[in-house]
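Now for the letters of each chain:
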Amino acid sequence: SGSTSVTKSIKVGESSPTTINVKDSAEAAEIVVSLNPAPNTCNVNISGGTVKKISAGTANKDTVFNLNVSAGTVEDVDLTCHANGNDTPRATTVNITGGTIKEITSLGAVQEGSSVAGGTFESEAAKAAVNGILSEGKVFDENGTVVTETPKNYVAQIGETKYETLAAAIEA
């Protein structure tokens, strides 16, 4: 039990820390939760550096992940356990406020309280994985960066349909 900072790679198991911190100095770190029994809760905090992969590996079925990303680059996230031919999503709370996520294979079973308020998501799969947990008023821009949605100014409404230009309303 405890916490550690990662600079290259870590495999979390029975006697390993339950909190993993990846900071600016990390280069191509890989986090694999692979041994049984794994800690009941595994906190992964990314605040800089580069993480090649965050993987549930063969984490025990009761393992809960708390994934927090505020900066840095994560190349892939896969929080589905791939043990003995069974693909089982692990319970995950996700909070992303910054950083770059290149790919998300699986976020596991995303729990209530998860949110995405910032960051850049480079693949369609990564955007799709977090679309349901975008913070209120947040959208993706053309580059996959989470931004605050600009309110639209409507000039006309016919029934429930609103129009941004008078020409569009007349065409309808």
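Keep in mind that what you see is a predicted model, and the values were worked out from it rather than measured.

## Structural notes on the pairing of strand E6 (residues 64–74)
Point 1. Relative to E6, strand E5 (residues 41–55) is paired through nine bridges, and the arrangement is parallel. In the sheet register, Ile46 faces E6, and the bridge partner there is Val69.
Point 2. For E6 and strand E10 (residues 91–96), the ladder comprises six bridges, and the chain directions are parallel. Each bridged residue has a counterpart across the sheet, and for Asn68 the counterpart in E10 is Asn95.
Point 3. Pairing geometry for E6 and strand E11 (residues 100–101), over two bridges, is parallel. Within the sheet, the bridge partner assigned to Thr73 lies in E11 and is Thr100.

## Digging into a nonpolar patch on the surface
Point 1. On the surface, Val155, Leu166 and Ile170 cluster together into a nonpolar patch covering about 340 Å² of accessible area.
Point 2. Locating Ile170 in the fold gives a position in helix H2 (residues 166–171).
Point 3. Judged by relative accessible area, which is 67%, Ile170 ranks as exposed.

About the cut-offs
Residues numbered from 1 in each chain as written. Predicted model: local features only at pLDDT ≥ 70, side-chain atom pairs only at ≥ 80, totals over all residues. Heavy atoms only, no water. Pairing = 2+ DSSP bridges. Helix = DSSP H or I, 4+ residues; strand = E, 2+ residues; numbered from the N terminus. Patch = residues over 30% accessible without salt bridge, like charges linked within 9 Å, V, L, I, M, F, W, Y side chains within 5 Å. Areas by Shrake-Rupley, 256 points an atom, 1.4 Å probe, with all protein chains shown as cover. Salt bridge = Lys/Arg side-chain N within 4 Å of Asp/Glu carboxyl O. Buried < 20%, exposed > 50% of the residue type's maximum accessible area, 1.4 Å probe, protein only.

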